[in-house]
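Here's the letter readout for the chains.
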Amino acid sequence: MKKALVLTNGLYTTSDAKTAHGLVRGSERFLIAGVIDNASTANKDAGEILDGVHRNIPLFADLATSIIAVPDADNLIIGVATVGGKLPVEMLVIIKEAISKGLSIVNGLHDYLTDHADLVELAQQNNITLTDIRKPKKREDLHFFTGDIFNIKTPIVAVIGMDCAMGKRTTARMLMQACAKENIKAEMIYTGQTGWLQGSQYGFVFDSTLNDFVSGELEHAILSCNKEISPDIILLEGQSALRNPSGPCGLELLISGNAKHVVLLFAPKRIYFDNEAHWGKIPSVESEIAIIEQFGAKVIALAMNTEGCSNEEAYAIQASMESTLNIPVLLPIQSGVSKMVPLLKKLIS
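Presented here is an overview of the structure given in this document. All residue numbers here refer to positions counted from 1 along the written sequence of the relevant chain. Only residues with pLDDT of at least 70 get local features here, since the model is predicted, and only at 80 or more are side-chain atom pairs given and counted; chain-wide, interface and lining totals rely on the full set of residues. Where side-chain values are given, they derive from all heavy atoms of the structure, hydrogens and water being excluded.

1. Observations regarding the packing of aromatic side chains
- When the centres of two rings from Phe, Tyr and Trp lie within 6.5 Å, Trp using its six-membered ring, the rings pair. Their planes under 30 degrees apart give stacked, over 60 give edge-to-face, and anything left gives tilted. Across all of its chains, the model carries four aromatic pairs by this definition.
- Both rings, one in Phe-144 and one in Phe-213, keep their centres 6.1 Å apart while their planes meet at 85 degrees; by these two values the pair is edge-to-face. Here Phe-213 lies in helix H8 (residues 211-229) and Phe-144 lies in the loop between strand E6 (130-132) and strand E7 (156-161), a separation of 69 residues in the sequence.
- Note on exposure labels: buried denotes an accessible area under 20% of the residue type's maximum, exposed denotes more than 50%, and partly exposed covers the range between, all computed with a 1.4 Å probe on protein chains only. We classify Phe-144 as exposed; its relative accessible area is 56%.
- Residue class for Phe-213 comes out buried when judged on its relative accessible area of 9%.
- With 5.9 Å between their ring centres and 35 degrees between their planes, Phe-204 and Phe-206 make a pair best called tilted.
- A relative accessible area of 15% means that Phe-206 is categorised as buried.
- Over a ring means this: the NZ of a Lys or the CZ of an Arg is within 6 Å of the ring centre and within 35 degrees of the ring normal. The cationic tip of Arg-29 hangs over the ring face of Trp-196; the distance from NZ or CZ to the ring centre is 4.1 Å. Segments assigned H or I by DSSP are reported as helices when at least four residues long, segments assigned E as strands when at least two residues long, and all are numbered from the N terminus.

Laid out in structure tokens, this is it:
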């Protein structure tokens, strides 16, 4: 794995840094050696700030400090997912400096590095690479839906959420890791840039794919995974939410991805979609379950994003919802996802 620094530039403690958060939690593609944020978080451990787990990944105040501490870093990864995928102007200044120091840049935003002529020229001068993960594939590299997905016997589980930034990818990875501990061969199909950055082998970037080919790319990723590595179970990383008006998404996983089982994430303290009151209130969990069931899938578990909850509140909500809905409710950060393993075993038995 190539050694990388992650750039958040003051956003590490916000949900905009969810790409950085995922990389801090783990990657099989890059060795994360540090996060460049600002003076307020400098000299702290990125894992401890994120979820209280020490991961020996330091936070740095600026690029210069990070390069001194990690002189053998190969890459600088843009660790934020901004609204509309625009590269912040202040980050462009840091990116130019990083290129001049010999760091290749990996970018998951819609604002492509290769569209900036000055960055391309500077990269050529310093013999480094610019990687735009979200750059759309060429038409000849896209796949159209075939229907072969309906011949797959491997259980397919979609991990979807009631809103954006709920922890869908993190929960899916945790389920995959929990399965591995029990000798269950699970694989996650990534659908966003962070999944690729974390090392997932199969998938595509949903929101940079032409709409006509979303179903085909999803199907192709699942079919390729199933054929090439024969997993016991396939997990699909969800995007956005079924009813988030800024980017409704999820039914594709149930219909085109043929996922018959769902782990649904919710945040009991979040009232509005993306915390934007004018976007509307997030509906009830019960109503979301009802919609999912109308499409022939079954919600086999809930997973709770506990933002704004004390531990006592989280455990109380967990107990209440398990009693009311009669399905497991996971607290991935507080207690992991191992209680799901027996259910997943039943799917493959």
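2. Here we look at the sheet that holds strand E3 (residues 59-60)
- Taken together, the six strands give an open sheet; going across it, the order is E3-E2-E1-E4-E5-E6, and neighbouring strands pair in parallel fashion. Each edge of the open sheet is held by one strand with a lone partner, namely E3 and E6.
- Across six bridges, strand E1 (residues 2-7) lies against strand E2 (residues 30-36) in parallel orientation. The residue of E2 that forms the bridge with Ala-4 is Ile-32. Paired strands are those between which DSSP finds at least two bridges.

3. Observations concerning the state of the cysteines
- The term disulfide is used for any two cysteine sulfur atoms that are within 2.5 Å. One pass over the full model with this rule turns up zero disulfides.
- Looking at the unpaired Cys-225, the closest cysteine sulfur is the one in Cys-179, lying at 13 Å.
- With no disulfide partner, Cys-309 has as its closest neighbouring cysteine sulfur the one in Cys-164, 19 Å distant.

4. Observations regarding the pairing of strand E12 (residues 298-304)
- Within E12, six of the seven residues are buried, which leaves the element mostly enclosed by the surrounding structure.
- With six bridges joining them, strand E11 (residues 261-266) and E12 adopt parallel strand pairing. The residue of E12 that forms the bridge with Leu-265 is Ala-303.
- Relative to strand E13 (residues 329-330), E12 is paired through two bridges, and the arrangement is parallel. Residue pairing for E13: Leu-302 is matched across the bridge by Val-329.
- We call a crossover right-handed when, viewed with the strands running away from us, the connection from the first strand over the helix to the second turns clockwise. Handedness of the β-α-β unit built from E12, helix H11 (residues 311-325) and E13 comes out right-handed.

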